[in-house]
Every structure is written in structure tokens, then in C-alpha cells.
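So you can see what is in the structure, the chains are spelled out below.
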Amino acid sequence: MELMEIDSEQGGAKSWPEPGVPIEEGPEKSTKEPLTSKQVQNELGGYVFEVTDKIRLRRFLCLGTERTIFHTGEVTLTLENDICNCITRLISKDGTNVVKTIRKFSVENRACKSDYVLFALALCCRCTDLETKEAAYKALSDVCRIPTHLFKFIKFSQEVNSKGKGWGRAHRKGVSMWYHSYKNKEGGIPLLAYHMTKYKARFGFTHKDVFRLCHIKTGYGALGYLVHHFYRGNGHREDDWQNKFNIARQHMTKHDKLELKNVIDFLQDVDDAKKCSDEQQMKGIIVLRDDLKIVREHVPTSLLKSKEVWDGLMRFMPMNAMLRNLGRMSSFGLLEFDSLGEDLTTNKLKNTELLKEARIHPFTLLIAEKAFSKGHNKKGNLQWKVNPKVRDALRDAFHLSFKNVEATGKRFQLAICMSGTENPHVNGTPIITATEAAAAMALVTCRSEKNCDIVAFSGIQSTEHPNITNCSISPEDDLDAVLDKCSKLPCDKTNIAAPIIHAFENKKMYDVFVVFTDSVNEDGSVHPSRALELYRKGSGITDARLIVCGLASNEFSIADPDDPLMMDIVGFDSNAPTAIHQFVTGNI
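Once a new chain begins, its residue numbering starts again from 1 and follows that chain's sequence as written. Only residues with pLDDT of at least 70 are given local features in this predicted model, and only at 80 or more are side-chain atom pairs given and counted; all residues enter the totals for whole chains, interfaces and linings. Hydrogens are left out, water is left out, and the side-chain values use all remaining heavy atoms of the structure.

As annotated in an unreviewed UniProt entry, the chain carries the name TROVE domain-containing protein and is attributed to Magallana gigas. The heading Sequence similarities (unreviewed entry) in the UniProt record of the chain holds the text "Belongs to the Ro 60 kDa family." UniProt positions are given in the numbering used here, feature names are shortened, and annotations may be inferred rather than shown by experiment. Check the Subcellular location (unreviewed entry) section of the UniProt entry for the chain; it says "Cytoplasm".

Further remarks concern the nonpolar core. Within the largest apolar cluster, 155 residues are counted, with the highest numbers of intra-cluster contacts made by F153, Y179, M282, I547, L551 and F572. Grouped together as the second largest cluster of nonpolar side chains are 31 residues, I501, V515, Y535 and I541 included. Put simply, buried Ala, Val, Leu, Ile, Met, Phe, Trp, Tyr and Cys residues joined by side-chain atoms within 4.5 Å make one nonpolar core. For each residue, the accessible area found with a 1.4 Å probe, counting protein chains only, is set against the maximum for its type, and the residue is called buried under 20%, exposed over 50%, and partly exposed in between.

Okay, the pairing of strand β6 (residues 411-417) next. Burial within β6 is extensive, with seven of its seven residues counted as buried. Each helix corresponds to a stretch of at least 4 residues labelled H or I by DSSP, and each strand to a stretch of at least 2 residues labelled E; elements are numbered beginning at the N terminus. The side-chain alternation of β6 yields two buried faces, one formed by R411, Q413, A415 and C417 and the other by F412, L414 and I416. Strands are labelled as partners when DSSP assigns at least two bridges between them. Summarising the sheet, β6 and strand β11 (residues 512-517) pair through six bridges and their orientation is parallel. Note that in β11 the partner of Q413 across the bridge is F513.

Here the focus is the packing of helix α6 (residues 147-160) against helix α7 (residues 169-180). At a minimum axis distance of 12 Å, the contact between α6 and α7 shows a crossing angle of 175°. When the axis of α6 is compared with that of α7, the two are roughly antiparallel. Across the interface between the two elements, P147, L150, F153, I154 and S157 of α6 pack against H171, V175, W178 and Y179 of α7. The residue inventory of the contact of α6 with α7, partitioned by class, reads seven nonpolar, two polar and no charged. Axes here refer to lines fitted to C-alpha atoms; in helices the fit is confined to the stretch in contact. Angles between the N-to-C directions go from 0 to 180 degrees. Any angle that is under 35 degrees is reported as roughly parallel, and any over 145 degrees as roughly antiparallel; angles of 65 to 115 degrees are reported as roughly perpendicular and all others as oblique. By definition, residues are in contact when any of their heavy atoms lie within 4.5 Å. Put simply, Ala, Val, Leu, Ile, Met, Phe, Trp, Tyr, Cys and Pro go in the nonpolar bin, Asp, Glu, Lys and Arg in the charged bin, and everything else, Gly too, in the polar bin.

Once that is clear, we can look at helix α22 (residues 479-487). Every buried residue of α22 is listed here: L479, V482, L483 and C486. Here the buried residues of α22 occupy an arc of 100° about the axis, which is enough to place them on one side. Along its buried surface, α22 packs onto α19 (362-374), α20 (388-400), β6 and α21 (434-448). The arc in question is the one spanned by the directions pointing from the helix axis to the C-beta atoms.

What follows concerns the pairing of strand β8 (residues 429-433). On a regular strand, one side chain projects to one face of the sheet and the next to the other, so that they alternate. Pairing between strand β7 (residues 425-426) and β8: two bridges, direction antiparallel. Directly across from V426, in β8, lies its bridge partner T429. Turn length for the β7-β8 hairpin, with the two strands adjacent in sequence and antiparallel, is two residues, and the turn residue G428 shows positive phi of about 100°.

Describing an aromatic ring pair means giving the distance of the ring centres and the angle of the ring planes. Side-chain rings of Phe, Tyr and Trp (the six-membered ring for Trp) are treated as a pair once their centres are within 6.5 Å; stacked means planes under 30 degrees apart, edge-to-face means over 60, and tilted covers the remaining angles. For the structure shown, the criterion picks out 14 aromatic pairs. Taken together, a centroid distance of 5.3 Å and an interplanar angle of 75° make the contact between W178 and Y182 edge-to-face. Of the two residues, W178 and Y182, both sit in the buried class. Members of the aromatic cluster, joined through ring pairs, are F60, Y116, F119 and F156. Any Lys NZ or Arg CZ that is within 6 Å of a ring centre and within 35 degrees of that ring's normal is treated as a charge sitting over the ring. K293 extends its terminal NZ or CZ atom over the ring of F316, reaching a point 4.0 Å from the ring centre.

Quick look at the structure:
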């Protein structure tokens, strides 16, 4: 694509340099004059971008940290985290808005991992502000969409409870109402039965434990039957309960009776599956159900080595589960050439509606393709024959899913720099190489954004003349074409400031600079924060952002901690695109 020329109507007040005037190193963190009214004066008299508690909260909900840095590894969440003090301050001012923000990040899938919103919600539920507690428990059913989330929330709630390990009245009621909330959800109590039998225990809790701790109270309808089913053999008088249940059943509405029947029938099939030892019988239980399906988690471990059982599971497997199990299904010979499994799998992967419903990012599909194409798992104890049709369908799905990527409407410059010929694997996604990750994200951005220039840089020849090459990547290219172009890019030492300097000196207008590199070992004379500061002044785009993706890095820090418009991506995985999108759109 051609580099975007300056538009005199875009940007703010401009102060471009005279031709031939080089950028020189200078103060990196502040200047004595504000770039914009959004900046505040620090203790040294310089102007920096203000980071409020509300911004810190949004960053944490998305990234798990108050800083604009994304890590592919696990983030340990405890009361010692600074975010706890931040959330406490916000609760004291307007706790209900804190809960609204938490719910919004969860419902709109703005969080990279569910742990962050669950931890923040637990803090709100265990705080001393009654209005905040009430709002937080009301939001519980929206934030905890499956029992796994509920179990994790309970774990966090116990850890942040400063008054002790007991369950107070509000907590017991809030957790109880999570189970009751399924009455108002599509699928009703039968869906709860499916979820409870699929996600039976996590983080040291079972549903029986939770029922005991929250003192759940139900009638004798579908929910009461479900709770009783999990409580059986726990000291309950079976005959007494059954008599009361039979009496109550006579007064149920037609809808309640149908819901109860669906729950009873499903639980019976789950119990039959649990006791089953015959693979053909197990396959029959899976295939013959019309509504709620028996899934892998319901199948005894001994039968998960059966081809017949997997043949039944394969027929109704959701998209994400199918991607995770392609190798295992292939190892049983279920995806062989011209087979039913091949047909089912390829049709799903080429179904744009299913891809949209599953909300799968193209990068996730690329990971699935690479994993399947290897023909064995990471440990090497599972091997399979790669079906070219399935592999090609995964690549087709990669391209089809581009239309599901939400555009930001920003002007992008993507800069790619590979520092050597080794092409290392990506930290966090070792099955992908740095070049593959950069090429994939370049193509995704090029297809989804109207204004996107892609350049390559290989170190810097001099301050006046950055070594920048325009990449001729277009939206019409497929991934193979982009990989071929990226493989021919020059390799040299990394100078992250080079693309910004090039845009500055050539008066190019961008809202976002994104650097993809396998190494962040700086080799330039100008720090990226200094180059970005001068670019903002020169272009008048005072909120221009910089994202540095160190694809093969374990740890680095390029972003100025005083500049919330700079972000570091350490490694890269399927959650990184969410972090980038939320940062670019100003949500964090």
C-alpha cells in the first residue's frame, strides 16, 4: 500500500521540522510545555499524561496490571496488588460505577482473561459499602457465565475477605441467587444442569460444597430436583423429600413440568454415561439426545480412548472444542480422506456464521492450523496423519474470520523488524515463529483497517536517514504471499524509533505505530519515547500511540511509565489482539 500523505485537515497544530534537520536525543519523560490539555504538571515541572484511578481500573480489567504492558504468562492476583488500593478508592467515591465497568468489560469481552474481572468483582462484593455490594452481587450472574467462573470468584472472595474465612449473609444470598438466575436465562434450569455436570469441580470447590456453604434454598421444581440430585447421600431423608416432591409436582404449571422433565431426563443420561463401560452404548447415549448433549466431560475416562465414542462426540462438537481436539480425532482416524469427519470438520471451518458465533480471532485459527499440521502434540505421545483438506480448511477459516475483526477507524503504521536469520519462536505461542506472527497480524490489520501502511526497518543508517522499506502488502494478499514478502525483508539490529522518525521527517499522519520485532535490543541514538514526543508535536496528533510487540522476548520495557499512550507486548498469544484493540480504541 502507498504511504499515507499528510492531510492538512487532519491532526492538530503542526510543527514539522525543516528539511534536513535531524532529530536529536533529549528529555524523554516530560517537557516544560503541555502538548494537550489532557496533560498535567508533575513534581519536576514537566507535563505528562495523567493516569487516573479509572484508567488504572480499566487497564487492570483488560491486562491484569495497572501498567500498559501485556504479558503472556500468568498474573498472580492478591491483596498486595496495588490495584486493590485503587479499587478501594474508587468504591469510596462511586462504587456502583466500578461494578458497571467490571460488568461491561466482562459482557463485551474486553478482558484478556476472566480472572481479572472476577478478582475485581470479588473485591466489590467483599467491600464495606452496602450499595456497591448489592450492585456487585446483582452483576454476578452476568460476569460468571459458567460454574468455572463462579468457583474462581468464590476462591478470590475468600482470599480478599479481610474479616475472616466465613460466608456472611450477603455472600450466601449472592451465590445462591447465581443458581436461581438460570430461571431467567435462555435454556433455563436444564442449561444449569448441563453446566453443573460439565463443570463439576474447580479450584477446590464442588457444587455440593457451594450448596452447603451458601445454604441454598429451593422449592421442589426443576432447580430443587437438581440441587437434591447433587446432595443425594449427604444425610438427606430420601423418602421424605420424594413425598414432598410428588405433592408439589401435582401443582406445577405445564412449563414447569416440561422443564422438570428435561432436567430429569438429562441427569438420567448423565448418570447412565457415568456408569457406562460399553463404547457402542456410550455412543448411543451421545448421538440420540436431541437438545442438551452429552460432551467429553460426561464420558468416563476409560471410554475416552474409544474411536466409537469420539465419533459420537465429533458430530456435535462446538467450534472451539473442535479446534482443540483436531489432533486427537485424527489420531483415531476420524478425519481421514473422504470420511464423515472430514466433511463435518471442513464444513464447520468454512461456515462464516459459526465462525462469527464462536468469536474466534484469526490468530487463534493460525495457531490451530500450525498445531494440526505438525502431526503430533507437544509431548509427542499423540500422533496423527495430517489431512490436507482439513489443513486447507483451517487456512480458509483464518481468512474468513477477518470479517469478524472489529475495525478501530484509526490510521496505522505497522513496522516489522526481524533482527536475524534465526526466526525464533514466539514467547507464549511457541508453535508460531516471529515472522509468522508478524505476517499474520499485518494481514489482519491490513484487511480490517481502511488506513494502514506497512513498512520494514532494519536498524538505522543515520539519524537523518532511517533505513525504512515500504512493504507491498495489500488486502488482496493471502497469508502465504505475506509470509513470502516478510521472509525477504532485510535483517539487522533493531531501532524501534526508526519508523517514527521516518514518519516525522516525511510528514506522514498516523494515530498508531505498531512495531513487530523478534528482539527489542535497542541500537538507535534516539529513544522511542523521545521520537514519539517530537512526532506528536510536529504532527499535531497529540494522542499518537506506540505499541511495541517483542514477539520472542521474555521481558523488556520500552514504554515510558509516565506515558499511557505507549504499550509493551511481551511475547504474543491469542489474547494479545484483544489487548491491542482495547489500547488503540482508548478503553485502557
